[in-house]
Amino acid sequence: MIAGVGTPGTAAVRYDGVSKSFPGVQALQDVSFEVAPGTCHALCGENGAGKSTLSKLLAGIYRPDEGRIELHGQAVDFHEPRAALAAGVAMVHQELAFCENMTVAENLLLGHLPRGRGMTRVVVDRREMERQAAAMIAEVTGNDDLRIDTRRTIADLTVGERQLLQIASAVGSGASVLILDEPTSSLSEYEAQHLYDLIARLKARHVTMLYVSHRMHEIFHLCEAATVLRDGRHVATRPIGEYTESDMVRLMVGRTVTGYTRDRTGAPSAEPAKLSVTNLSSPGKFAPISFAVRPGEIVGFAGLVGAGRSYILEALFGLDEAATGAVTVDNAPMRLGTPLEAMRRGLGFVPEDRKRQGLVLSLSCRDNTTLPFLRRLASHTWVRRSEEKTLTQHYFAQLNVRSPSTEAIVGGLSGGNQQKIVLAKWLAAGCQVLLLDEPTRGVDVGAKAEIHALIDSLAKRGAAIVLVSSELPELLSLADRVLVMREGTCVAELPGHSSQDVVLRDMTGVLEAHDHHSSEV
Amino acid sequence: MAEPRRPASRSILHAILTSQQTGLIAIILVLGAVMTMFAGSHTDAHGAVVNNFLNSNTLIQVATDASFFAIMAVGATFVIVSGGIDLSVGAVYALAGVLMALTLRALDTPDGTLAPGLAVLLGAVICLGVGTLAGLLNGAMVVALDVHPFIITLGTMWVLRGISFVSSHAESILAPTALTSFAKAPLGLPRTLAPVPMLSMLVVMIVGELYLTRTVMGRHIVAVGGNPEASRFSGLRLGRIRVSVYVLAGLTAGIATFLGASFYGSASCADANGYELYVIASTVVGGTSLSGGKGSAVSATLGAILIVLIRQAIRTFHLDQNYEWIIIGLAIIIAVVLDRHGTRLLNRRLAAQ
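Residues numbered from 1 in each chain as written. Chains lettered and ligands numbered in written order. Predicted model: local features only at pLDDT ≥ 70, side-chain atom pairs only at ≥ 80, totals over all residues.

What follows concerns the overall build of chain B. Looking only at helices and strands, chain B has 14 helices and 4 strands in total. The long-range share in chain B, meaning contacts at least 24 apart out of those at least 6 apart in sequence, stands at 79%. (Helix = DSSP H or I, 4+ residues; strand = E, 2+ residues; numbered from the N terminus. Contact = placed C-beta atoms within 7 Å.)

A few words now on the overall build of chain A. For chain A, the count of helices and strands is 18 helices and 22 strands. Against the compact-globule benchmark of 24 Å for 521 residues, chain A has a radius of gyration of 24 Å, which places it among compact chains. Dimensions of chain A, computed from C-alpha atoms along their principal axes, come out at roughly 70 × 55 × 50 Å. Residues classed as buried in chain A amount to 48% of the 521 residues present. Partitioning the contacts of chain A with sequence separation of at least 6, the portion at a separation of at least 24 is 68%. (Rg over C-alpha atoms; globule rule 2.2 N^0.38 Å. Buried ≥ 20, exposed ≤ 12 C-beta atoms within 10 Å, placed from the backbone.)

On to the sheet that holds strand β21 (residues 481–486) of chain A. All names here are of chain A. Read across the open sheet, the 6 strands follow the order β16-β19-β20-β13-β21-β22; overall the sheet is mixed. Each of the sheet's edge strands pairs with one partner strand only, and the pair in question is β16 (347–350) and β22 (489–495). Ignoring which end each strand starts from, the neighbouring axes of this sheet average 20 degrees apart. Of the strands in this sheet, β13 (298–302), β19 (433–437) and β20 (464–468) touch helix α15 (residues 445–460), which is tilted by about 150 degrees from β20. (Pairing = 2+ DSSP bridges. Axes fitted to C-alpha atoms, helices over the stretch in contact; angles between N-to-C directions.)

Residues and elements named next belong to chain A. The element strand β3 (residues 40–44) is largely enclosed, with a buried count of 5 among its 5 residues. Side-chain alternation along β3 places Cys40, Ala42 and Cys44 on one buried face and His41 and Leu43 on a second face that is also buried. With 4 bridges joining them, β3 and strand β9 (residues 225–230) adopt parallel strand pairing. Bridging across to β9, cysteine 44 finds its partner in valine 228.

Moving on, we come to the interface of chain B and chain A. Counting residues at the interface gives 23 residues for chain B, matched by 27 residues for chain A. Of all elements in the fold, only α9 (216–226), α10 (228–233) and α14 (324–352) of chain B reach the threshold of two or more residues within the side of chain B that touches chain A. In the side of chain B that touches chain A, the residues fall into 8 nonpolar, 8 polar and 7 charged. (Nonpolar A, V, L, I, M, F, W, Y, C, P; charged D, E, K, R; others polar.)

Turning our eyes to something else, we now look at the environment of B:Phe182. Note that B:Phe182 resides in helix α7 (residues 177–183). In this structure, B:Phe182 is in contact with B:Val120 and B:Ser262, ignoring residues within four places of it in sequence.

Glancing now at the sheet that holds strand β14 (residues 324–329) of chain A. Residues and elements named next belong to chain A. Spatial strand order, β12-β11-β14-β15: 4 strands in an open sheet with antiparallel pairing. Only two strands of the sheet have a single partner each, and these edge strands are β12 (286–293) and β15 (332–334). If you compare each strand with its neighbour and ignore which way they point, the axes differ by 20 degrees on average. Its contacts with the sheet place helix α9 (residues 309–316) against β11 (275–282), β12 and β14, and it is angled at close to 115 degrees to β11.

As a further point, take the packing of helix α13 (residues 385–399) of chain A against helix α14 (residues 415–428) of chain A. Residues and elements named next belong to chain A. For the pair α13 and α14, the least separation of the axes is 10 Å and the interaxial angle reads 120 degrees. For the element pair α13 / α14, the angle class is oblique. The chirality of how α13 crosses α14 is right-handed. Across the interface between the two elements, Leu391, Tyr395 and Leu399 from α13 touch Lys420, Leu423, Ala424, Leu427 and Ala428 from α14. Looking at the contact of α13 with α14 residue by residue, the class counts come to 7 nonpolar, no polar and 1 charged. (Parallel < 35°, antiparallel > 145°, perpendicular 65-115°, else oblique. Left-handed = near helix turned anticlockwise from the far one by under 90°.)

For the rest of this paragraph, the subject is the environment of A:Met129. All names here are of chain A. Within the secondary structure, methionine 129 sits in helix α4 (residues 126–141). Judged by the 20 C-beta atoms lying within 10 Å of it, methionine 129 is buried. Here the alpha-carbon distance between methionine 129 and leucine 108, two residues 21 residues apart in the chain, equals 9.0 Å. For methionine 129, the contacting residues outside a window of four places in its chain are Ala105, Leu109, Leu113, Pro114 and Val124.

Turning next to α13(A). Residue and element names in this part refer to chain A. In a regular helix each residue adds 1.5 Å, so 15 residues correspond to 21 Å; α13 covers 21 Å between its end C-alpha atoms and thus fits that length. Among all positions in α13, only Glu388, Leu391, Thr392, Tyr395 and Phe396 are buried. Across the axial projection of α13, the buried residues extend over an arc of 140 degrees, all falling on one side. Seen from the buried face of α13, the exposed residues on the opposite side, beyond 90 degrees, are Ser386, Thr390 and Ala397. Of the surrounding secondary structure, the elements contacted by the buried residues of α13 are α12 (365–370), β18 (382–383) and α14. One or two residues past the end of α13 sits asparagine 400, with phi positive at roughly 55 degrees. (Expected span 1.5 Å × (residues − 1). Arc of directions from axis to C-beta.)

This brings us to helix α12 (residues 275–285) of chain B. All names here are of chain B. The buried fraction of α12 is high, at 10 of 11 residues. Within the sequence span of α12, burial applies to Tyr275, Glu276, Tyr278, Val279, Ile280, Ala281, Ser282, Thr283, Val284 and Val285. In the segment just after α12, glycine 287 is the residue with positive phi, at about 95 degrees.

Attention now goes to the confidence of the model for chain B. Residue and element names in this part refer to chain B. When pLDDT is averaged across chain B, the result is 87; 89% of the residues are at 70 or more. Within chain B, helix α11 (residues 238–264) carries the highest mean pLDDT (96), whereas helix α1 (residues 8–18) carries the lowest (62). Counted against residues more than four places away or in other chains, residues 1–8, with its pLDDT under 50, gives 3 contacts. Prediction confidence for the complex, expressed as pTM and ipTM, is 0.76 and 0.79 respectively. (pLDDT = per-residue confidence, 0-100.)

What follows is about the nonpolar core. Counting 241 residues, the largest nonpolar core has A:Leu178 and A:Ile465 as the members making the most contacts within it. When neighbours within four sequence positions are excluded, A:Ile465 is seen to be in contact with A:Ile298, A:Leu434, A:Leu436, A:Ile455, A:Leu458 and A:Ala459. (Core = buried A, V, L, I, M, F, W, Y, C linked by C-beta atoms within 7 Å.)

Right, let's get into the packing of helix α3 (residues 56–81) of chain B against α12(B). Residues and elements named next belong to chain B. One can describe the packing of α3 onto α12 by two numbers: an axis separation of 8 Å at closest approach and a directional angle of 65 degrees. Between α3 and α12, the crossing angle belongs to the class labelled roughly perpendicular. The handedness of the crossing between α3 and α12 is right-handed. Side by side, α3 and α12 meet where Phe69, Ala70, Met72, Ala73, Ala76, Thr77 and Ile80 of the first sit next to Tyr275, Tyr278, Val279, Ile280, Ser282 and Thr283 of the second. Considering only residue class, the contact of α3 with α12 consists of 10 nonpolar, 3 polar and no charged.

To continue, consider the environment of B:Val34. Relative to the assigned elements, B:Val34 resides in helix α2 (residues 22–38). Counting along the chain gives 134 residues from B:Val34 to B:Ser168, while the straight-line C-alpha distance between them is 44 Å.

Once that is clear, we can look at unusual backbone geometry. Residues and elements named next belong to chain A. Backbone geometry places aspartate 30, a non-glycine residue, at a positive phi of 50 degrees. Considering the arrangement of structural elements, one finds aspartate 30 in strand β2 (residues 25–35). For aspartate 30, a count of 14 C-beta atoms within 10 Å corresponds to the partly exposed category.

All right, on to the confidence of the model for chain A then. Residues and elements named next belong to chain A. Averaged over every residue, the pLDDT of chain A is 84; the share at 70 or more is 90%. Low pLDDT, under 50, characterises residues 1–6; the stretch is placed with 19 contacts to residues that sit more than four places away or in other chains. Taken together, the stretch residues 512–521 has pLDDT below 50 and engages in 2 contacts with residues farther than four places along the chain or on a different chain.

What follows is about the pairing of β14(A). All names here are of chain A. In terms of strand pairing, β11 meets β14 through 5 bridges, oriented antiparallel. Residue pairing for β14: serine 281 is matched across the bridge by threonine 324. Taking the residues between adjacent antiparallel strands as the criterion, β14 and β15 are bridged by 2 residues, where aspartate 330 takes a positive phi near 50 degrees.

Dropping the structure here:
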C-alpha cells in the first residue's frame, strides 16, 4: 500500500488552472483547488457541471487542454488510465466496467492473476485467486453479511453488488488517491453504510478520496471539505463546516432550489383500483404478493438491493415468462409474459439500469422517445417524421430536457437528461400505470426535484404509480403507502409518512440479524 | 447553458463533411481520377479518342459487376445492423439460380411454347421465392434454436450449396433467352450498354435506405442492433424482427440471382462461390458496424462499387491478375482504416474551429 506519500502540508491533489473542452462544450474552465491528504473531499455540482471530467482528468482518462495537475506536490501528466493507476490513482466509475462473462474473482484480479509454481506457472492458481478476491471483498464490506461468492459470474450480480466490487477492486489496487464517482447511487442504505465505514477506515490509512455524489447527507456526513462546480467553473472550496445544505445547493445551481415535498393532504381516493395484483409470484425471485394501486396513488417498494423489488416490476411488465398470478388493469384481467400486452393495457416501465435496459445509447433522443409506439406514428409503415419530431419536442419542453436538439445522440447526454428521456417515452406512449424503478438514480438535485414534481403531477392526473427506490427519503416523501420487501417476500405495509428507522428495521429484519450475530460469536 | 448557434450554410457543409458516406465517396472519386489519368486511351470504331477507363462501356461494366453483390450487400446490411450475420447468401444465390433454370427448362418445350413475358415473370417469382424461403429458414432457426447466426448460416451455406449441387448434377443449366434479353435490355441506350442490373442496384439501394431509416420495421431493426435489452424493455418483438432481417437478406439474394443468371444466361451450383465474403466486405467497407446498431444501404452499395473498382484497376493497369486477392484484401483493410480515421480527424478539425 502506497498510502500517504508526500510530506505533511503538501496537497495530495492540486488542480491548477485546469481547462478542458469537448466538441461543442467547454467542460472545465480554469479550475484550481487543493485536496488535503487523508481526507474525503466532495465534488459537488449539477450534472454537466464538470465533476466527472475533473475526476477523469486525474484518472488519466482525459488530458487537460490547459493547466496542470499535481499529485503529492509533483506535476503529473497521465496519458492513459494505466499511468494514473501506477501513480496510485484509482477510480470507481459511474459506468460499471467488468467482463460480464467472467467470475468475480477473475475480474478482481484481472491483470495480475496468481500463477502456479514451477511447471504450473502457465496455469492460474484458482484457489489463490479466489482467496485473494474474497479478501478484497471482505476489505470493502467489512463483515460477513454482505458476502459475494467469488465464483459467480458478473452477469449474475445485481447493480449494487457490482458497485461494491468496483470499490473492492480500486481499494485492492493499493491506491493512495481514490476517486469515488457516485459510489452509492445503486446501493441500498444498508449497503451504503458499509461503504461509509470503509471510507472511515481508508482515511485512517491516509488514503485521499475525491467523492462525487448528489446525496447531500452523505457529503456532510463523510467529507472534510467540498468543492462546488457550476457550468465547468470553480465556485467554492471550503471546509465542510462552512457550508449549510441550502447554501451548497444554491452555489451548485446558482439559484434557490427547494426540495420537492408532495402534498398528501387530499382524502384518499375511493375509486376502484387501477392496477390490482393477486398472488403474483416468480419461482426463485419473489414469493406471492398481492397489492392494489388506485388512480392517483403512489405505492412505494422499499427493500435492500436484491430483495426482489425489481423482479416484481419486471413480472408486471411481462418481462418474466415464469411469473404467475392474477393481474387486472381497470378490472379486466391482463395476460402476463408479454410486454406488448402490458403496454396495450397502459403500463409503462422505467427500468433500474437506464443504459442497459432503458435506452439505445447509439440512437438519438427522438429515436428513443418514440421507440415503444413507433407504429402509432406511421401510416402504412412509413413513419411520419414531422409528427414524430413535434411530439418529441413537446415532451422535451414538458420535462425540461437539456439537449442540443431532439436529434442528439442519447449516449452523450447527462444522467438526468437521459432519465428524462426514458420517462418521456412512456409519457408520450400515454401510460396510465407507471412502474418506476429507481427513477432518480445518478440524477442531480435540480433534475431530481423536477422528476419528483413530475411523478406527483402524473399521480394528480390520475395515473397509478408503483415506485421502487433505494433512497428512503425519496420513497417516504412521495409514496402514499410503502410495501417493504425482504429476501423476496413482502414483510410489511407502512403508511407513507413512516419514519426511516421503522422502514429500515423492516427492510433489514435487524432484530433477527442481531441475534444471529451474537450467537455466532 | 445556451447552445451556440451555427450559421445555416456552415451546418449544411458540416453535415455533408461529416456524413457517413463522405469518406467513401472521396476514396471512390480519387481512385476513379487516378484511373482516368493513368489508364491511357484508344481510338474507337468512329476514330474518336476514348479514355480506357472513363467511357460509358467500362463504367456500366463496373456498375454491372458490382450490382449482383451490391444488391445482396443491402440485405446483409439489415442483418448486420440488427446484430446478426448471414454467411449463406452465396449459397442461396446458387440454389435459387439452379432451381429457376431447372424449372424453366422443364416447362419450356423444345418448340419454345413458354411466352417470353411469362418466362421472365416465372423466373423472378422462383428466384425471389426461393431466396425468401431460404431466408425464412435461416431466421427461424436462429430465433427458435437460439444458436449464434454465424453457426446457423455456416451450416445452411453448405446445406443449400449441396442441394443445388445435387439437384443440378453439377451441370451448368441454360436460362431461357427471354431472361437474357430482359436483363440485357438497352432501355434506349446504345445496344452495347446494358443498364438493367445497375438500375436494379440503385432501386434496391434507395428502397433499402428508406426502409432502414423511414419505416417502423427498419427503425426497430436499428434499435434491436443498438441495444436488444432496451428494445425488449420497450415492447419490441425481438424474434419477429430477427427473422425478418434474414428474410430480407434471402430476398435480396433472390433478386441478385434473377439478374445474374439472366444476365449471364445460365445457372450452376458453383455460382456466387465466396460471394458471402464479398457481401460482408462491402457492408463493412461501407462503415456498417459488425456489432450492430449502425449501418446504411447507401454505404454498403458504395462499398461494393469500391471493391469492384479496385478489381477494375488491376485490369486497367494490366497488373498481374494473380495479385488480385492480395490487393483486394489489403485495400479492404486500408479503406476501413482510412474511413474511420479520416472521419475522426475531420471531426476533430471541425470541432477545433
